[in-house]
Amino acid sequence: MGDLLSLFINSVFIGNILLAYFLGMCSFIAVSKNIETATGLGFAVIFVLTVTSPVNWLIYHGLLAPGALSWAGLPDLDLSFLKFITFIAVIAAIVQAVEMIIDKYSPLLYATLGVFLPLIAVNCAILGTSLFMVERNYTLVESIVFGAGSGTGWMLAIVSIAAIRKKTQYADVPKGLEGFGITMIIAGLMAMTFMMFSGITL
Amino acid sequence: MNPLKKLFDQNEPRFTGTGKYKKFAPLFEATKTFFFFPSPKTLVMPFIRDHLDLKRYMSFVLIALLPVLIFGIYNTGFQSGLALGKEFGLVKSFLTGLSYVLPIIIVSYGVGFFWEILFAVIRKHKISEGFLVTGILFPLTLPATIPLWQVALGISFGVIIGKEVFGGTGRNILNPALTARAFIFFSYPISMSGNIWVANTVDGLSSATALAVTAINGESISHALSTAGFSLSNLFLGFVPGSIGETSALACLLGAFFLILTRIANFRIILGGITGLIITAILFYIIPEGQGTWAKAGPLYHLFAGGFLFGICFMATDPVSAPGTNAGRWTFGILIGFLTVTIRVVNPAFVEGTMLAILFMNVFAPLVDHLVIKYKNSKRIPNV
C-alpha cells in the first residue's frame, strides 16, 4: 500500500507527465484559457488514463510481450513491435466511449471541449503513460495507480496554468509574445518550479 | 523656489510633447517623482485616498531591508576573516564585507536598471519602482563569492523573463528576484552550492552552511550542529556562513515587524508560513525515520537556519505574486512552510527548500485565489 502511495505521489509531482516529461503539451496550451474547461478536460484525461493504462497492460502482457502467447503454443513469438499501433487503437476506442458519455451527461462540457475531446486520443500524455508503464515493468495494480497519478498530475498542471492565464489577462505582453508565446514562457517557469521535486526518491 | 524643482521644471518641456528627448520621458518622470510627489491628480471616479503610492510602498521595504543588509555586510566580512583563520574587528569586518557585497549590488542595480529603462523607452511605459526592491533582494539571496557575471545574467533573466515579458511590475506571476536566483541556482549549481569561501581564499577553508550538516556515528543532529558551530543562538543572531542576507533570523524578524506594522507585508503569510514550518518540523520529529538528519532537527533549528525567515518575510509577502484573498494567504503561507521542511528533509538533491517552495506556491497562488472565491460564492445566498 505504501509503495502504491509513493508511486502515485511520484507520478503526480516528481515525474509530472507534463512539467517533467513535457508530454501532452498541445491541449495543455490550447485548452487552458478557462479554468472550468481545463478542469473538465483534466477529469476526462484522468478517466481515460486510469482506464487505458490497465487495459493496455492486459493486452501487452496477454498478447504482445515476448513469450506471452506461449499458451497458444507459440513461446518464441514476440509481438511487442505492435505495441504502438495497438495502444493507439485502444486509446482511440476508449476516448470515443468517453466522448459519448460526456455528450450524454454534460452537453455543456462537450460543447466547450469541442475538438479537444477527440484529440485526447492523440494526446501524447496518454500514449506516453502506456509506454512508460511497459518500460518500467509495472504490475497491473501499479499500472492503474500510475495511470491515475499521471492524469492527476496533468490535471494539476493544466488547472494551475488556466488560473495563471486568467491572471495574466491583465498583463501587457509584447506583441510578438501574445497568446502561445507567453503561455510557453509560463509553462517553462512552471516546469522550473516543479524541479523542486527532482532528486526525491520514494 | 526650490532650485531642484526649478531644474526639473526647466527641463520638463524637453521630455514632453514634441521635446527633443521625448523618448526618455519615463526616465525623467522616474527621477522627478523620486524627489517630488507626482502632480497629476485623478480626474474621474473611483477616487481612493491613501498615503501610500507605489514609490513609498517600495521604499518602506527598502527600510525594512536595512538591518538585513547591514548585518549581511558585516557578517560577510566576519566570515571571510574566519575562513582565513583570523578574527576581524567590527570596522575591518564591515569594510571587507563591503568589498564583497557592494560590487554585487552595483551590478544587480546597474544591469537591472539597464533592462528596465530599455523596456520603458521602447514599450513606452513608466519605469516602475518595483525594481528598487528586486535589485536589492536578489543580491541578498546570493553567496558573497558568486562571480559578478552570474549576478548580471541572473538579474537579466529575472527582469526580462520574470517580469518585463508580462508587462512590468504588477503583472508578473513569479517573484522576479527569486526567478533570477532559481535561474542561477539551476544553471551554475557549484557557485550556489552553499559551500562558500572555498574558491577565493589562499589556504582555502571550506565552510558549509548549517543545512548541509548531517550527523554521523549515531549522534543527534543538534549535537552535530553545535559541534560545527551552529548553535541555536548563533543561528538566531546570524554569525554563520550563508547567503548575504539570509543568515540573521533576528534582522529578518526586525524587518518583518516593521513591514507588518506599516501594513506593507501581510501578516497572514508570515504567520502562516511559520506555523506550517513548525507543524511540519514537529511531524518529521515524531516519525521514527531519519535519525541524525535534518528530519530530527526540530522546529527551532528549521526556523532559524537557512533562508526561511528571509524568504517568508521579504519574498513570499510580495503582493503581486502572493494570493489576494485572506484565506488564500493563510493557505499560501502554510504550504510554503510545509514544502520548505519537506524539501530539506526528503529531497537529497537540495539542502535548502525555501526558494523553490515560494516559487512553487507562486505558481499555485492564482489557483488558490480562484478556489477561495469559488467557495465563498457557493456560500452566498443566491439572488432570489
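Treat the numbers as computed from the prediction; the structure is a model and nothing was measured.

Rules behind the numbers
- Residues numbered from 1 in each chain as written.
- Chains lettered and ligands numbered in written order.
- Predicted model: local features only at pLDDT ≥ 70, side-chain atom pairs only at ≥ 80, totals over all residues.
- Heavy atoms only, no water.
- pLDDT = per-residue confidence, 0-100.
- Helix = DSSP H or I, 4+ residues; strand = E, 2+ residues; numbered from the N terminus.
- Contact = heavy atoms within 4.5 Å.
- Phe/Tyr/Trp six-rings, centres within 6.5 Å; stacked < 30°, edge-to-face > 60°.
- Buried < 20%, exposed > 50% of the residue type's maximum accessible area, 1.4 Å probe, protein only.
- Lys NZ or Arg CZ within 6 Å of the ring centre and 35° of its normal.
- Patch = residues over 30% accessible without salt bridge, like charges linked within 9 Å, V, L, I, M, F, W, Y side chains within 5 Å.
- Areas by Shrake-Rupley, 256 points an atom, 1.4 Å probe, with all protein chains shown as cover.
- Salt bridge = Lys/Arg side-chain N within 4 Å of Asp/Glu carboxyl O.
- 1 Å grid on protein atoms, 1.4 Å probe; cavity = no way out; pocket = protein on both sides within 12 Å on 5 of 7 lines; lining within 4 Å.
- Points joined across faces, edges and corners; volume = space filled by probe spheres on them.
- Nonpolar A, V, L, I, M, F, W, Y, C, P; charged D, E, K, R; others polar.
- Polar contact = N/O pair within 3.5 Å; in protein donor to acceptor, adjacent residues only side chain to side chain.
- Axes fitted to C-alpha atoms, helices over the stretch in contact; angles between N-to-C directions.
- Parallel < 35°, antiparallel > 145°, perpendicular 65-115°, else oblique.
- Left-handed = near helix turned anticlockwise from the far one by under 90°.
- Buried area = accessible area lost by both parts, 1.4 Å probe.

Residues and elements named next belong to chain B. On average, residues of chain B score 84 in pLDDT, and 90% of them reach the 70 mark or higher. Across chain B, the secondary-structure element scoring lowest on mean pLDDT is helix α2 (residues 25-35), at 74, and the one scoring highest is helix α6 (residues 148-160), at 94. Under a pLDDT of 50 for its full length, residues 197-206 has, in the predicted model, 22 contacts with residues more than four places off or in other chains. Confidence estimates for the predicted assembly give a pTM of 0.88 and an ipTM of 0.88.

Inspection of every chain in the model, using the stated rule, returns 27 aromatic pairs over all chains. Relative to Y188 of chain B, the ring of W149 of chain B has its centre 5.1 Å away and its plane inclined at 85 degrees; by these criteria the two rings are edge-to-face. With W149 of chain B in helix α6 and Y188 of chain B in the loop between α7 (176-187) and α8 (221-227), the pair connects residues that are 39 residues apart, well separated along the chain. For Y188 of chain B, a relative accessible area of 25% corresponds to the partly exposed category. An aromatic cluster is built from F13, F194 and F197 of chain A together with F360 and F364 of chain B, whose rings are joined through pairwise contacts. Taking NZ or CZ as reference, K104 of chain A lies 5.7 Å from the ring centre of Y105 of chain A, over its face. When the ring centre of Y285 of chain B is taken as origin, the NZ or CZ atom of K296 of chain B, which lies over that ring, is 5.9 Å away.

Attention now goes to a nonpolar patch on the surface. Taken together, the side chains of I260, F267, L271, W330 and I334 of chain B define a hydrophobic patch exposed on the protein surface, amounting to about 400 Å² of accessible area. Secondary-structure elements contributing two or more residues to the nonpolar patch are α11 (267-286) and α14 (326-346) of chain B.

All names here are of chain B. Evaluation of the coordinates by the stated rule reveals 2 cavities of 30 Å³ or more. By volume, the largest cavity is sized at about 270 Å³. Along its surface, the largest cavity is lined by 21 residues, and M58, V133, L137, D318 and P319 are the ones closest to its centre. When residues of the lining of the largest cavity are traced back to their parent elements, those giving at least two are α3 (54-83) and α5 (130-140). In terms of residue count, α5 provides more of the lining of the largest cavity than any other element does, 4 residues in total. Across the lining of the largest cavity, the residue classes tally to 12 nonpolar, 7 polar and 2 charged.

Let us look at the environment of P319 of chain B. Residue and element names in this part refer to chain B. Summarising the element assignment, P319 is placed in the loop between α13 (308-315) and α14. A relative accessible area of 47% places P319 in the partly exposed class. The spacing of P319 and N266 is 53 residues in sequence and 8.3 Å in space, taken between C-alpha atoms.

Residues and elements named next belong to chain B. Mapping K296 onto the fold places it in the loop between α11 and α12 (298-304). Given the relative accessible area of 12%, K296 is considered buried. At 2.5 Å, the side chain of K296 and the backbone oxygen of I287 are in polar contact.

With that settled, the discussion passes to the packing of α7 of chain B against helix α15 (residues 354-379) of chain B. Residue and element names in this part refer to chain B. One can describe the packing of α7 onto α15 by two numbers: an axis separation of 10 Å at closest approach and a directional angle of 125 degrees. Compared by their axis directions, α7 and α15 come out oblique. In this structure, α7 crosses over α15, and the sense of that crossing is left-handed. The residues of α15 that touch α7, namely those facing L178, T179, R181, A182, F185 and F186, are M355, L356, I358 and L359. The residue makeup of the contact of α7 with α15, split by class, is 8 nonpolar, 1 polar and 1 charged.

Next up on the list: the pattern of salt bridges. All told, the structure shown has 3 salt bridges over all chains when counted by the stated rule. In this structure, the salt-bridge partner of R123 of chain B is D172 of chain A, at a minimum N-O distance of 3.3 Å. Of this pair, R123 of chain B sits in helix α4 (residues 90-123) while D172 of chain A is found in the loop between α8 (140-167) and α9 (180-194), placing the two residues in two different chains. Judged by relative accessible area, which is 31%, D172 of chain A ranks as partly exposed. Between E116 of chain B and K163 of chain B there is a salt bridge, with its nearest N and O atoms 2.7 Å apart. A residue pair is termed long-range when its members are at least 10 positions apart, and E116 of chain B in helix α4 and K163 of chain B in the loop between α6 and α7 qualify at 47 residues. For E116 of chain B, a relative accessible area of 1% translates into the label buried.

Counting from both sides, the interface comprises 34 residues of chain B and, opposite them, 31 residues of chain A. With both chains or domains summed, chain B and chain A bury close to 2,800 Å², and 77% of this area falls on carbon and sulfur atoms. With its nearest N and O atoms 3.8 Å apart, the salt bridge here joins E36 of chain A to K374 of chain B. Every element with two or more residues in the side of chain B that touches chain A is listed here: α7, α14 and α15 of chain B. Broken down by element, the residue count for the side of chain B that touches chain A peaks at 10 residues, all from α15 of chain B. A breakdown of the residues in the side of chain B that touches chain A according to their chemical character gives 24 nonpolar, 6 polar and 4 charged.

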